[in-house]
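# Coordinate analysis (summary)
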Amino acid sequence: MWQVTGELQALDTRRRWLVQRHGELLAALRARRDAPAGMPVTVPAGGGAAGGSVREVSAPSARTALLIVGGVLVVVAALVFTVVSWGRLGIGGRAAVLLAVTACALALPQPLRRRKLTATAEAAAAVGLALVLLDAYAARQAGLGGLDRVGTASYWAALTALMAVGAPVYGWWMRLRLPLPVGILLARLPGLLATAALGGGAEDYATAMIATAAVDFAALYAFTAHATTGSAGFRDRLGGERTVAALVTGVRVVGVGWALLGGALAAGYAVADASSPAEVMWSWVPLGLLALLGMTLCRGFRDSRALPFALRSGSEGVAVVALVVAVGAGLGCVVPSGWAVAGYAAPAALIAVWATVCCARRGRWEKPAESGGPFTPPREAAAAVGELVAASTMLLLTGVVALPALVYALTRPVVPGVTLWFNGSPHPWSWQLAPAPLVVLWLAVSVLATMAVLRTRTVGTGAGIGAGTGDRHVDRHLDRLANVLYNTTALAAVPALLLLPVALSLPYEWVLATAAVASLALTAILVRRKPGTALVPRLAALAVTDALALLWSSADRVAVLAAWGTFAASAAVLAHVLSAPTARPAERATARVAGALAVLALGVEAIATGITADLPAHITAFVVLAVAAIAAGAAAAWHRIPGREQVSTAAEVAGYVVTATAITLTAFHPSALSLALAATGVGGLAIALRPDRRRAALVGTALLISSSWVRLAMADVTSPEAYTLPVTAAALVIGHRRRTSTPGTGSWTAYGAGLSATMLPSLIAMWSDEHWLRPLLLGTAALLATVIGVRTRLQAPLIVGSGVLLLVGVHELAPTVVQVLGLLPRWVPLATAGLLLLLLGATYEKRIAEARRLRDTVRSMG
């Protein structure tokens, strides 16, 4: 045993040593990767105690931390010396200290590199560059050469410009990496400081920032061209391939960020601050420069190593945004008030259409047939993709600006409609819409329609290419996008068309007539649709049209009756046509929804008719019941037609909803409620005549019994048994004869109604009866029914009898239990409940098994 233990300890020690050695070798590889070419790197030996502690910080990381902290401390010390202790020295001492410290700091990297101390040389160079800035500050504060008479912004603009050029030159000469990014960052400041010195505005600052970004990308173009075609020594002088790649990425990020900030500043000024034509023209300078920069980047950097596809496409998109903002701001000064949003939407729509045409004409939307991977657009498609995305985004933004006016116009009749139907007297109201938001919506519809049509043509070309290679994924992908475009076009075109009369200030009746005609036309198009044509766009257009027509009709009662009646008829016709035996699954689903909506629309029509005729709610309920009867008849008729069973079921379910609504309307009028229940019960018995709806007889019987109970309650009958016992006897006799004549009849069908007819009313009356006779007789009858159910193994007598018997027992024991609980201490019921829960939890599995056996036993009964 002790030998095994020793071996395990030795294995653990060896593992810890191997982990430590692994970390040392990784650190050595990282150091060799980061070291300049030709510099030897020592690999740490693997000796030492195997159980030694593992270093948490590598040697290069510790070195870098020390150099950073040391450099910061030196710069802080120099700053304190320059600001605080400067006045204690004369002019000679000042010059000597400045020149000596700065010269030492800038010259120190050369000997350090010869000694292979590259990181220390980089730190010394950073300190030297910081000291140059401190020297410049100190020289101006001391007034050397009259520098104090130069403006602050002008002085620092010239100084940062010199530093932005000098730092990279110094780094190149010293073979250092840090000065080049320092110069790139310092190049952000000269333009801004020069603009501040000249007293420029927001557009001038934007111009300076975009011009700086243009200089960045020009330098990047020259740098990448030389780095690609130049010798390996050029890249080694900058620190190797990784350093060059990091530098290129950094310049891209900084240049793009600076250009976007300048563009945002220019766009904000043009949209929000420029109020006169002269100010708008001044804003064109930075916007035009940004557009020129974006197009140059997209079309000038064809090599993906210089500028990737995403950045080129984004550059073209930024150019499009700048162009749209410039044109929109110019049009905003010319067009009347309220049309400014259309001034931005119009150029965006034109550019989007142009980009769509370019994509479709050159096949840039089409995936090559031999490509099996994800779709990658060709390099020459960067401009078209960027234009399409940017123009669509700008058009979407203008749509968001116009959206509140459109939503207000679409929902304007709702407020007077609510007032009309709930207060009875509508207030005067007007319905208007400014033309500009509608123009924006029409521009969006035009762009979507163009994209959908051109996309469909591209799909056809793609299908032809993919057909020969068996690439079916291409067709499905392109079809899906084309369908989305068509559906979106349909959804946007309907409100654009229906709001035209509103924008033209036509009367309310004309607007409703336009919506009704459009609804009927779309219904006819769906009915006469050829097999195989697209269903979803037409269906979406019809749904939006009908929804708007019904919504807008709410402001007039006669219009409501006409709109809901027309909708019900159209839905019924659509359900009948689309439920043909040869229909596809999507068409059948649409038919089911249309059938249900037709019945529900007739129900709404009935309620609106009652309200319009000033009928009470309980009288209106019978009009609604008539609709339910019509729905039942239509469902039966549809059921007899082969292939239309699903539409029949949908209409029947909707009829049940209408029936429940009608009964709810009579809830506060007992006589009407009793009559409604009776009529509904008769309807249920009529539905039970269908062979597949025999169980509806149970519901019909229950409704008839409920109607009789309501009648008894209205007559203040305190002994319902005198009325229910004859019904119970007759029902039980009829049920028994049917069960004996038809062996397959269940106990609920045969005895459920008869048992419930007497026991349930008696049970309700028992709770308000203080005498002992009714509970005794009812309990005896329930016990007898339970025993019969057990002996004959029938569900209905067993469940009804045992349930009633249990409630009778609760009624009899309740006063005693309450009295006992009042005498016991309060903790006894809590303790008893807790013990019962513990007992139930301890025997949970057993109780579950017993409950399952009881359930199976009850289910096996007749």
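Predicted model, so just to flag it, every value in this text is computed and none were measured. (Residues numbered from 1 in each chain as written. Predicted model: local features only at pLDDT ≥ 70, side-chain atom pairs only at ≥ 80, totals over all residues. Heavy atoms only, no water.)

## Quick notes on the overall build of the chain
Note the threshold: Secondary structure elements are taken from DSSP: a helix is a run of H or I of four residues or more, a strand is a run of E of two residues or more, and numbering for both begins at the N terminus. Here the term buried applies to any residue with accessible area under 20% of the maximum for its type, exposed to any over 50%, and partly exposed to those in between, with areas from a 1.4 Å probe on protein chains only. Throughout, a contact is declared for two residues whenever any of their heavy atoms are within 4.5 Å. What sets the accessible areas is the Shrake-Rupley method with a 1.4 Å probe; for residues, cover comes only from the shown protein chains.
If you tally the helices and strands in the chain, you get 33 helices and zero strands. Counting across all 862 residues of the chain, residues that qualify as buried make up 38%. A fraction of 69% describes how many contacts in the chain between residues 6 or more apart in sequence connect residues 24 or more apart. In the structure as shown, the chain presents an accessible area of about 46,700 Å², 70% of it carried by carbon and sulfur atoms.

## Quick word on the confidence of the model for the chain
Inclusion rule: pLDDT runs from 0 to 100 and stands for how confident the predictor is about each residue.
Across the chain, the average pLDDT comes to 80, with 81% of residues at or above 70. When mean pLDDT is taken per element in the chain, helix 19 (residues 500-503) scores highest with 93 and helix 2 (residues 59-84) scores lowest with 53. Residue range residues 47-57 is modelled with pLDDT below 50. Its contacts to residues more than four positions away, or to other chains, number 14 contacts. Predicted confidence for residues 367-375 stays below pLDDT 50, and this span has 13 contacts to residues more than four positions away or in other chains.

## Some details on the nonpolar core
This is how the line gets drawn: Side-chain atoms within 4.5 Å are what join buried Ala, Val, Leu, Ile, Met, Phe, Trp, Tyr and Cys residues into a set we call a nonpolar core.
The biggest cluster of nonpolar side chains holds 108 residues, and the ones touching the most others in it are Leu287, Leu293, Trp431, Leu433, Leu498, Leu499 and Trp552. Those residues within four positions of Leu293 in sequence are excluded, and the remaining contacts are Ile210, Ala213, Ala214, Phe217 and Ala259. Leu755, Leu763, Val800 and Val804 belong to the second-largest nonpolar core, a separate cluster that totals 13 residues.

## Quick word on helix 23 (residues 585-612)
Rules: Expected helix span is taken as 1.5 Å per residue step, with the number of steps being one fewer than the number of residues.
Between its first and last C-alpha, helix 23 extends 40 Å over 28 residues, near the 40 Å set by a 1.5 Å rise per residue. Phi for Asp614, located one or two positions after helix 23, is positive at around 60°.

## As for the packing of helix 11 (residues 241-273) against helix 13 (residues 309-332)
As a reminder, the rule being used: Lines fitted to C-alpha atoms define the axes, with helix axes restricted to the stretch in contact, and inter-axis angles between N-to-C directions lie between 0 and 180 degrees. The labels follow the angle: roughly parallel below 35 degrees, roughly antiparallel above 145, roughly perpendicular from 65 to 115, and oblique for the rest. Each crossing gets its handedness from the near helix: less than a right angle anticlockwise from the far helix is left-handed, clockwise is right-handed. Polar here means any residue outside two lists: the nonpolar Ala, Val, Leu, Ile, Met, Phe, Trp, Tyr, Cys and Pro, and the charged Asp, Glu, Lys and Arg; Gly therefore counts as polar.
One way to put it is that helix 11 packs onto helix 13 with a least axis distance of 10 Å and a crossing angle of 15°. As summarised for this structure, helix 11 and helix 13 are arranged roughly parallel, according to the angle between their axes. Our pair here, helix 11 against helix 13, has a crossing hand that is left-handed. Here Arg252, Val256, Leu260, Ala267, Ala270 and Val271 of helix 11 lie close against helix 13, whose contacting residues are Leu311, Val318, Val325 and Ala329. For the contact of helix 11 with helix 13, a count of residues per class yields nine nonpolar, no polar and one charged.

## Here's the deal with unusual backbone geometry
Leaving glycine aside, a negative phi is the common case for residues, and trans is the common case for peptide bonds. Of note, Ser505 is a non-glycine position whose phi angle comes to about 60°, a positive value. If you trace the backbone, Ser505 turns up in the loop between helix 19 and helix 20 (508-527). Residue Ser505 is classed as exposed on the basis of its relative accessible area, which comes to 53%. In this model, Arg793 sits at a positive phi of 55°, which is unusual for a non-glycine residue. You can see Arg793 is positioned in the loop between helix 30 (773-792) and helix 31 (795-823).

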